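Residue-level structure breakdown
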Amino acid sequence: MSELARRAEKLDAADELAGVRAQFVLDDVVYLDGNSLGALPASVPGRVEDVVRRQWGELRIRSWDESGWWTAPERIGDRIAPLVGAAAGQIVVGDSTSVNVFKALVGAVRLAGEGRDEIVVDATTFPTDGYIAESAARMTGCTLRPVTPAEVPGVLGDRTAAVLLNHVDYRTGRLHDLPALTAAVHAAGAVAVWDLCHSAGALPVGLDEHGVDLAVGCTYKYLNGGPGSPAYLYVRRELQDRFDSPLPGWNSHAEPFGMRPAYEPAAGALRGRVGTPDILSMLALEAALEVWDGDGVSIEAVRAKSLALTDFFLECVTSYVPAGRVETVTPVAHAERGSQVALRCADAGDVMKRLIERGVVGDFRHPDVLRFGFTPLYVGFGDVERAARVLGDVVR
Ligand SMILES: Cc1ncc(COP(=O)(O)O)c(C=O)c1O
C-alpha cells in the first residue's frame, strides 16, 4: 500500500462526515460528478413512492392542502435557507435556474430604477446566464456589459443597474469573493444578483450577512435533489415589497384563488413563484434535504471536508500523474476554491472516457477540461486517492 493510500485510510477513519455516505445509494464507482448531478439519497425512492401512490393516488386533489403541496415552494425554500445563510421567508423553490435568472435579473433592473441602463454580467459565466442576461438587457432597454469578475469593480458606475455573477465558476472551480463584489456593487448603487449553482451545499454563502440582493441556484448538484429538480430564488427581505417579477403568474398573486383579472402580488418571497409547482420533483428534493438534519452535518463541516478532499486530490495528482501531463486550473488558495478541481489536459475528452471505464466518474468540459466534483457528504479520501491513481495510469 502506498503512503498516500495509508494517509487516505487515516483521513477516512477520522472523518466526522464519513457516516453520512450510508444515506446515499452508491456502488464501488468513485463518483466525482456531484457538481453536475448529486447522488441519490436513500430516502428519496420511498418518499416519491408515497407521494405518487398515496398523496396523488389516494388523496388526489386533497393533497394540495392535506399533503402540503401548495406551500411546498416556500417550505422547502426555508429548508434551503440556512444552507446559504438566509433567514426564513426569503427563498421560494420552483422553475429552473435559467427561469430564476430571468426573474432575478429583470427584477433587479426594475429595482435599480430610472437612469440606470447597464447590466454587467460575468463574461465567463455558465452560458445560460449569459444568454438570459442578453435577452433581459434587450427587454429592459439596457446595454449588456460582459466582463470577467475581476474586472467588475472597475466598470461599475452610476449607470449600472444590475450585476449578475457566479459564486463559483463552473469550469475552473474558482470561488469568487462574494462579500467584496457585493459591497462594490452596492457602493455603485446597483443591485447584486448571484448564481449559487456551484456553491450551495458545498460551502457557506452568507446571503443575509453580506447583503446580497437576489440569488438563484439549482438543487440537483450539491443539494442532491435529482435530475431536473427545481431551482430557487432568494429575494432579500428589505427588497421584497419592491420586487416586481417579470413572470407574475397566479401562484404569486396575493389571493391566488380569488381568480381576479387584475394582478396583485403576494407579500414576501412568495412573489417569486410563477405557476403550479412541479410537486414530484419538489418533494423528492425535500426528502433529499433530510441528509442535512443529521448530527454534525453542517455547511461549515462540509466546507472543511471539501477543502481537505480537494487539497488531498491535488497532492495525489502531483504524486501520481507524470509532470506536465495535466495543469491545474483551480486556484490553490482556499479562499478562491470551490468544491471541484479542474485539470486542463490536451486529450481531456478521451481521458475522461477511459476514467469512466475504470470506475472514476468526473466530466469533461469543452475543449480541454477534466472536472472532478467533491461532494463531502458521500466522497471519501480513499475515493480521492483512487481517482488520482487511476488518472495517473490512464494518462501515462
Ligand atoms: C452556474 C450555472 N447556472 C445555471 C445552470 C443551469 O441552469 P438550469 O437549471 O436552468 O439548467 C447551471 C447548470 O449546470 C450552472 O452551472
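All values derive from a computational prediction rather than experimental measurement.

What counts as what
Residues numbered from 1 in each chain as written. Predicted model: local features only at pLDDT ≥ 70, side-chain atom pairs only at ≥ 80, totals over all residues. Heavy atoms only, no water. Near = heavy atom within 4 Å. Polar contact = N/O pair within 3.5 Å; in protein donor to acceptor, adjacent residues only side chain to side chain. Areas by Shrake-Rupley, 256 points an atom, 1.4 Å probe, with all protein chains shown as cover. 1 Å grid on protein atoms, 1.4 Å probe; cavity = no way out; pocket = protein on both sides within 12 Å on 5 of 7 lines; lining within 4 Å. Sits in = over half its atoms within 2 Å of the grid points. Helix = DSSP H or I, 4+ residues; strand = E, 2+ residues; numbered from the N terminus. Nonpolar A, V, L, I, M, F, W, Y, C, P; charged D, E, K, R; others polar. Points joined across faces, edges and corners; volume = space filled by probe spheres on them. Domains from an automatic or database assignment. Pairing = 2+ DSSP bridges. Contact = heavy atoms within 4.5 Å. Buried area = accessible area lost by both parts, 1.4 Å probe. Salt bridge = Lys/Arg side-chain N within 4 Å of Asp/Glu carboxyl O.

We now examine the site of the ligand. Close contacts around the ligand come from S96, T97, S98, F126, T128, D129, N166, D195, C197, H198, Y220 and K221, and that covers them all. Take D129: an N or O atom from its side chain is 3.2 Å from a nitrogen atom of the ligand. In this structure, an oxygen atom belonging to the ligand sits 2.8 Å away from a side-chain N or O atom of H198. With the chains in place, 85% of the 400 Å² that the ligand exposes on its own is no longer accessible. More than half of the atoms belonging to the ligand lie within 2 Å of the grid points that define the largest pocket. Those elements that place two or more of their residues in the shell around the ligand are α5 (97-112) and α6 (127-140). Here the residues of the shell around the ligand sort into 3 nonpolar, 6 polar and 3 charged.

In this structure, the largest pocket spans a volume of roughly 270 Å³. For the largest pocket, the lining is made up of 26 residues, of which T97, F126, C197, Y220 and K221 are closest to its centre. Elements with a contribution of two residues or more to the lining of the largest pocket: α5 and α6. When grouped by side-chain class, the residues that make up the lining of the largest pocket number 7 nonpolar, 11 polar and 8 charged. A domain split of the lining of the largest pocket shows at least three residues from each of domain 1 (3-42 + 295-395) and domain 2 (49-293).

Pairing is antiparallel across the open sheet formed by 4 strands, whose spatial order is β11-β12-β15-β14. Looking along the sheet, the strands with just one partner apiece sit at the ends: β11 (327-328) and β14 (363-365). Pairing between strand β12 (residues 340-344) and strand β15 (residues 369-373): 5 bridges, direction antiparallel. Looking at the pairing, V341 lines up with F372 of β15.

Right, let's talk about the domain arrangement of the protein chain for a bit. Entries for the protein chain in the domain assignment read domain 1 (3-42 + 295-395) and domain 2 (49-293). Taken over C-alpha atoms, the centre of domain 1 sits 28 Å from the centre of domain 2. The partner domain 2 presents 24 residues to the 37 residues of domain 1 that form the contact. Roughly 2,400 Å² is buried in total at the junction of domain 1 and domain 2, and carbon and sulfur atoms are behind 59% of that figure. Our count for the contact surface shared by domain 1 and domain 2 stands at 1 salt bridge. Linking E336 and R174 is a salt bridge whose minimum nitrogen-to-oxygen distance equals 3.1 Å. Seen at the junction of domain 1 and domain 2, the total is 12 residue pairs in polar contact (both at pLDDT 80 or more). Sorting the residues of the side of domain 1 that touches domain 2 by element identifies α10 (299-320), β12 and β15 as the ones contributing at least two each. Residue contributions to the side of domain 1 that touches domain 2 peak at 4 residues, all from α10. By residue class, the composition of the side of domain 1 that touches domain 2 is 16 nonpolar, 15 polar and 6 charged.

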